[in-house]
Amino acid sequence: MFDRRLIENFDWGLMLITFLIGMLGLSVLYSAVNAGEPGGPMHLLFQKQMIWIAGSFTIVLLSLAIPYKLFDRGSLVAYIICVGLLVAVLLFGKYVAGSRRWLALGPLTMQPSELMKLSLIFVLASVYSGIISESGLAFKYLIKPALLLFFPFLLVLLQPDLGTALLLLFIATSMTLFVKVKKNVFFSCFIVAISAVPLAWVFVLKEYQKGRVLTFLDPDRDPLGAGYHIIQSKIAIGSGMLSGKGFLKGTQNALAFLPEHHTDFILSVLAEEWGLIGCCVLLFLYFMLLLWGLNIAYCCRDMFGSILAFGITIMIFWQIFINIGMVMGLVPVVGVPLPLISYGGSSVVTNMIGIGVLLNISMRRFVVV
Amino acid sequence: MKNPDREWLKKRLMNVAIIILAAFSLLLLRFVYLQIVEGDEYRRLSENNCIRLQSVPAPRGMIYDRNGTLLVDNIPSFDLKIVLQDAEPVDETIAKLAEFTGITLEELMERVDAGKKVSIYKPIVLKKNITRDQLAVVEAHSFDLPGVRVEIEPMRNYIYKKSAAHLIGYLGEINSQEIENNFYPDVRSGDLIGRYGSERAFEHILHGKRGGKQIEVDASGRLVRVINTVEPIPGKNVFLAIDATLQQKTESIMEGQTGAVVAIDPSNGDVLAMVSSPSFDLNDFIGGISSEKWKALMSDPGKPMSNKAIQGEYPPASTYKIVTAIAALEEEAVDIHTTYFCPGYHKYGNRTYHCWKKWGHGRVNIISALEKSCDVYFYRSGEAIGVDNLAKYANGCGLGKLTHIELANERSGLIPTAAWKKRRFGNSWQGGETLSIAIGQGFNLATPLQMAMFIAAIGNNGTIYRPKILKFTQDYNGSLESRLDIKSEILGAIPASKQTLKIVKEGLLNVVESEGGTAKKIRIEGVDIAGKTGTAQVFSLKKSDRDSNRKFARHLRDHAWFVCYAPAQNPVIAVSVIIEHGEHGSTAAAPVASEVLRTWLQIKGILPSVKGGTI
């Protein structure tokens, strides 16, 4: 039966932060899709995004009725289904701009790699909650998580979608370090990873692949492509100065200057129109969201819930850090969307489900298990 | 092992919070740096969208013949362009431009309206290849014409105008659908891509990779500085297998005729010459062909825009008897000793099939039947083999299917079978139809290229090559090390034994070199020619119409075929000729082929180059 206490313990704070970020995101998206040409071909994207947010929010509310403990048992099944979908993408996926990321399901298209992030977090939380110890994990315990990461990582890399593949790697690594590994295991893995890079560089990579990696690390090597996007993005952000040019007054995001200005580069729209003040507000809201997530991990009474809450929080963190770092020219250009702000159904659904799980864990924090 | 307690968890989560705080501080510092420290500079750069990309086109590879004779190169074109963002007030600027240059306002506005949809920050091409006078006036008034500029872009120059037009081909502007479908890498709206001939077939070789510049411009769009440059990579040069001298000589022979000539190197499938007559001037297509010229080309009854060498499908007529002869020998329906008596006709059922020679050839064997092109011998052979068996050999000889030449829109011709007729017309095959097929009439269709590849394969003792128009490629700068030869491809072999080929070749040699041969008039002193004439009926007319109408109505006259190779023992060239409505293969087509042979043999030094001979 639905416990009355669950409703009393509903996490209104998390709801409020999410709501504020969502509203901020919609206003920026409105500006991004209406820039230059009000009512142009892009303005429908705003309505679609609202539908995505409202729709996924409804599903999240309904899902709160399910105790998150059930996810522990179901995690492996969900993981296998997601890996299956990733295989299906490679076989039947829609080819868009040089990569296969989309799977058509009737009228909807979805990106299974987005759902993969969540199911990887679930399955790792399930595995680690059974073996966690204060002294840290020995090497033999890391084989299973490594394999769980390896398959989706490889499948996503084959699409190719470097951004999502790296996210999977970062999430899994963060969770592993969070549950703690033995010092000697940590250092030996670290040394192997460090020494593998130069070896691969010399013996494995071909000349053109090296060129791509170098361009990836240094966009200025590609002044007509990524390098140009970064310059335009930096101009847009910098030109916002302290207080911004004002709502719908941005010029840089207009038309062709930023090809992804409603998805991956949406932050440059916000920075141009709202200036440093707007950026600080966004950073503050995100920071609150992440602290809230960590607090939920702390308050949770069982290990699975704690690790799960941590995994989702760290997933949101990595997306924020990589996206913002990317548009400001701090990290290489990989296609990672800004959570709850960038346009895109799969990204919205993934992050909303993630927050739904946080709410789920939070409202059951006093339930004795 | 100790299970973690809440204190342990708290400590680890606190560490995570500190890491997140550090990461966010880094992001905040970066915001401060970009927006406060460098904010003024970025604000200035954003005012007019000052940092732009300027495309630097890659020169297209040039086209040469096999000996390095330049056929197509690039010359500079002065293109008038406008960037709408900088041209405010646009209407006024355009009006002034129309006044200065004499280009009509409508023409300019049409281009502006089309370009508006792409981007107001990107240059729109208003007119390609403006005149020197227009260039001078635009430069002189450059301060009255904000956003307007003239850029030098490479433009195609077809040196020999109409020569090898079908083979070389032309360019056309890419359309939006092709851009969307990503069919060509690295193209954008306004780009030219190959639309016909080699320009189309070798687009991926000829098309280079565009370069570009990151530039900073001032408020009226004038260049302040170049920030970064990516040099374009020019396309590669292609060297066609044709010989320009042979090609042009062949074109001059075909002047005024409608038809096609294909010359092949039998030892590797190289296309030495490919002429489709009448032709068109490639230079008319530069910068888009005018609608009057296009209409004139399309309404010409000689169909100049069609490459008859690969798209013209004609009944192969008596040239097809070579196939029937191979099939008859291989199926052992006849052998070298088999003779038939030709009384000038052959009765099949209740119908009479005529030989072209009314009073008959008398007793003929397979060699003299080929030599004299005796219809009756091949009626009887065909009757013995059957239509489907015959089709099997025809397909084996490369007929009724594509030769897979590099050019687009090749036609496959037609080799009928009983099943095909059932499918196509719904009724079954009649025995008498086999007789027509056996002498190359009826439903049979072949292209001049197919017949050229076929006769070349006979000449080289059975190897069917893929016809090849690309000999080799080279880098744009022409460095010798960059030469990349295109390998010859073997598609198959003529389905005939050595013995069969020897007999057939003897018959073909006799066509020219024996006193009874149908093409004995085209002999060239000093070299043996082997060939086969053909006369393809345009309509199967009533007997009463046969002779009377044809003399008057040109379009009812027969098509003339000749296929041949020389020297007969070790051929260096194989030629196929079709002259539409030329009437007789021996009189209309064979002399053309003979001239082509002579020219090539002289070029190769097999014949002395002084003019002389038997014609």
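Just so we're clear, the structure is a prediction, and the values are computed from it rather than from any experiment. (Residues numbered from 1 in each chain as written. Chains lettered and ligands numbered in written order. Predicted model: local features only at pLDDT ≥ 70, side-chain atom pairs only at ≥ 80, totals over all residues.)

Next up on the list: the overall build of chain A. Looking only at helices and strands, one finds 13 helices and three strands in chain A. What you see for chain A is a C-alpha radius of gyration of 21 Å, in line with the 21 Å of a compact globule of 369 residues. In terms of overall dimensions, chain A has a C-alpha envelope of 60 × 55 × 45 Å along the principal axes. Sorting the 369 residues of chain A into buried and exposed places 46% on the buried side. When contacts within chain A are restricted to residue pairs at least 6 apart in sequence, long-range pairs at least 24 apart make up 72% of them. (Helix = DSSP H or I, 4+ residues; strand = E, 2+ residues; numbered from the N terminus. Rg over C-alpha atoms; globule rule 2.2 N^0.38 Å. Buried ≥ 20, exposed ≤ 12 C-beta atoms within 10 Å, placed from the backbone. Contact = placed C-beta atoms within 7 Å.)

Time to look at the nonpolar core. B:Val261, B:Ala263, B:Ala452, B:Cys564, B:Val575, B:Ala589 and B:Leu597 are the most contacted members of the largest nonpolar core, which has 131 residues in total. No fewer than three residues from each of domain 1 (52-240) and domain 2 (244-280 + 307-474 + 483-603) of chain B sit in this core. Excluding residues within four positions of it along the chain, B:Cys564 makes contact with B:Ile455, B:Ile529, B:Ala530, B:Gly531, B:Val575, B:Ala593 and B:Leu597. A:Ile53, A:Ile132, A:Met326 and A:Val357 belong to the second largest nonpolar core, which has 107 residues in total. (Core = buried A, V, L, I, M, F, W, Y, C linked by C-beta atoms within 7 Å. Domains from an automatic or database assignment.)

This brings us to the pairing of strand β23 (residues 573-579) of chain B. All names here are of chain B. For β23, the buried fraction is high: seven of the seven residues fall into the buried class. Here β23 shows a buried face lined by Ile573, Val575, Val577 and Ile579 and a second buried face lined by Ala574, Ser576 and Ile578. Between strand β22 (residues 559-566) and β23, which pair antiparallel one after the other, the connecting turn spans six residues. (Pairing = 2+ DSSP bridges.)

Next up on the list: the domain arrangement of chain A. Residue and element names in this part refer to chain A. Here chain A is partitioned into domain 1 (1-65 + 218-364) and domain 2 (74-204). Of the residues lining the interface, 19 residues belong to domain 1; the matching set on domain 2 comes to 25 residues. For the side of domain 1 that touches domain 2, the element with the highest residue contribution is helix α12 (residues 303-327), accounting for eleven residues. Here the side of domain 1 that touches domain 2 is composed, by residue class, of twelve nonpolar, seven polar and no charged. (Nonpolar A, V, L, I, M, F, W, Y, C, P; charged D, E, K, R; others polar.)

Moving on, we get to the sheet that holds strand β9 (residues 223-230) of chain B. Residues and elements named next belong to chain B. Spatially, β1-β8-β9 is the arrangement adopted by the three strands of the open sheet, whose pairing is antiparallel. Two strands close off the open sheet at either side, each with one partner strand: β1 (51-56) and β9. Each strand axis lies, on average, 30 degrees off the axis of its neighbour in the sheet, ignoring direction. With six bridges connecting them, strand β8 (residues 211-217) and β9 associate as antiparallel partners. Directly across from Ile215, in β9, lies its bridge partner Val226. (Axes fitted to C-alpha atoms, helices over the stretch in contact; angles between N-to-C directions.)

Taken together, the contacts link 37 residues of chain B with 42 residues of chain A. Elements that contribute at least two residues to the side of chain B that touches chain A include exactly α1 (6-37), α2 (39-47), β1, β8 and β9 of chain B. Partitioning the side of chain B that touches chain A into residue classes produces 22 nonpolar, nine polar and six charged.

It is worth spelling out the domain arrangement of chain B at this point. All names here are of chain B. Splitting chain B by domain gives domain 1 (52-240) and domain 2 (244-280 + 307-474 + 483-603). Once you take the C-alpha centre of each, domain 1 and domain 2 turn out to be 47 Å apart. Listed per partner, the contact involves 21 residues of domain 1 and 18 residues of domain 2. When residues of the side of domain 1 that touches domain 2 are traced back to their parent elements, those giving at least two are α6 (165-168), α8 (197-201) and β10 (237-240).

Residues and elements named next belong to chain B. A rise of 1.5 Å per residue sets the reference length of helix α19 (residues 448-459), with its twelve residues, at 16 Å; its end C-alpha atoms lie 16 Å apart and thus fit the reference within 8%. Residues of α19 that are buried include every one of Pro448, Leu449, Gln450, Met451, Ala452, Met453, Phe454, Ile455, Ala456, Ala457, Ile458 and Gly459, and no others. Once α19 ends, the next one or two residues include Asn461, with phi positive near 70 degrees. (Expected span 1.5 Å × (residues − 1).)

Take the packing of helix α13 (residues 321-330) of chain B against helix α16 (residues 387-396) of chain B next. All names here are of chain B. Direction vectors running N to C along α13 and α16 enclose 115 degrees, while the axes themselves pass 9 Å from each other. With respect to α16, the axis of α13 lies roughly perpendicular. When you trace α13 past α16, the crossing you get is right-handed. Of the residues in α16, those touching α13 at Val323, Thr324, Ile326, Ala327 and Glu330 are Asn389, Leu390, Tyr393 and Ala394. (Parallel < 35°, antiparallel > 145°, perpendicular 65-115°, else oblique. Left-handed = near helix turned anticlockwise from the far one by under 90°.)

Residue and element names in this part refer to chain B. Note that Gly517 resides in the loop between α20 (498-513) and β21 (530-536). For Gly517, a count of 26 C-beta atoms within 10 Å translates into the label buried. Separated by 16 residues in the primary sequence, Gly517 and Thr533 place their C-alpha atoms 9.6 Å from one another. Ignoring anything within four residues of it in the chain, the contact list for Gly517 reads Glu371, Asn510, Val511 and Val512.

Going from A:Gln159 to A:Pro160, the amide bond is cis rather than trans, its omega being -5 degrees. That bond from B:Ser277 to B:Pro278 is cis: its omega, 0 degrees, falls within 30 degrees of zero. Tracing the sequence through the fold places B:Pro278 in the loop between β12 (271-277) and α11 (291-299). A positive phi angle, close to 55 degrees, is found at B:Ala164, a residue other than glycine. Backbone geometry places B:Asn461, a non-glycine residue, at a positive phi of 70 degrees. Relative to the elements of secondary structure, B:Asn461 occurs in the loop between α19 and β17 (463-465).

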